[in-house]
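This is what each chain is made of:
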Amino acid sequence: MSDTKTPFELMMQQAQEMAKAFNPSLSSFDPKGFEKMWPTMPKDAMEMWFGKGISQEGLDAKTRLLLTIAGMTMQGAQAETPFRMTVRHATEAGATKDEIAETIAQMSMFAGIPAMTRAMELAREVMEDEKKDDET
């Protein structure tokens, strides 16, 4: 096995070195730590701001967030932080792990298996983090 790096690995290494040169504190920056600074909105707040704003029979916050997860999955779950935060908010709004997984799996028919797999990985991370938080 050789020690040669792929072009992507070389690009990432160069980006990390550049970030360190600009600001040494960026060398240890972790976006997941940044996410934890943002509180999860309570379901009532989500309903007030996002749900049933147009009509009383409109979509509830849980449904809106599941639709958002579906849309973000369709885009390949590229925006990791917003995706993880949306999963966290959907759970707070009452979505079960199975409903989130089913929403993501349904998108495989339209977005493809790689997009679904990436979204599932991110959702699983959030659910594992929530499980750890519940245990402590």
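Structural data are supplied above this passage.
Residues numbered from 1 in each chain as written. Predicted model: local features only at pLDDT ≥ 70, side-chain atom pairs only at ≥ 80, totals over all residues. Heavy atoms only, no water.

Peer 1: Just to check I follow, could you spell out a nonpolar patch on the surface for this structure?
Peer 2: A surface patch of nonpolar side chains, amounting to about 370 Å² of accessible area, comprises M74, M109 and F110. With respect to the helices, strands and loops of the structure, M74 is situated in helix α4 (residues 61–74). Its relative accessible area of 38% is what places M74 among the partly exposed residues. (Patch = residues over 30% accessible without salt bridge, like charges linked within 9 Å, V, L, I, M, F, W, Y side chains within 5 Å. Areas by Shrake-Rupley, 256 points an atom, 1.4 Å probe, with all protein chains shown as cover. Salt bridge = Lys/Arg side-chain N within 4 Å of Asp/Glu carboxyl O. Helix = DSSP H or I, 4+ residues; strand = E, 2+ residues; numbered from the N terminus. Buried < 20%, exposed > 50% of the residue type's maximum accessible area, 1.4 Å probe, protein only.)

Peer 1: Explain the side chain of T103 here, please?
Peer 2: Position of T103 among the secondary structure elements: in helix α6 (residues 97–106). Accessibility expressed as a relative area gives 15% for T103, which makes it buried. In terms of polar contacts, T103 uses its side chain to reach the backbone carbonyl oxygen of E99, at 2.8 Å. If near-sequence neighbours (up to four positions away) are discounted, T103 is found in contact with L66, I69 and A70. (Polar contact = N/O pair within 3.5 Å; in protein donor to acceptor, adjacent residues only side chain to side chain. Contact = heavy atoms within 4.5 Å.)

Peer 1: What is the right way to look at the environment of A45 in this model?
Peer 2: Tracing the sequence through the fold places A45 in helix α3 (residues 43–49). Sequence separation between A45 and A93 is 48 residues, and the spatial gap between their C-alpha atoms is 9.8 Å.

Peer 1: Looking at this structure, how should I read the environment of E130?
Peer 2: With respect to the element layout, E130 can be found in helix α8 (residues 113–135). When the C-alpha atoms of E130 and T91 are compared, they prove to be 9.6 Å apart, with 39 residues separating the residues in sequence. If we ignore the near neighbours within four places in the chain, the residues touching E130 are R88 and T91.

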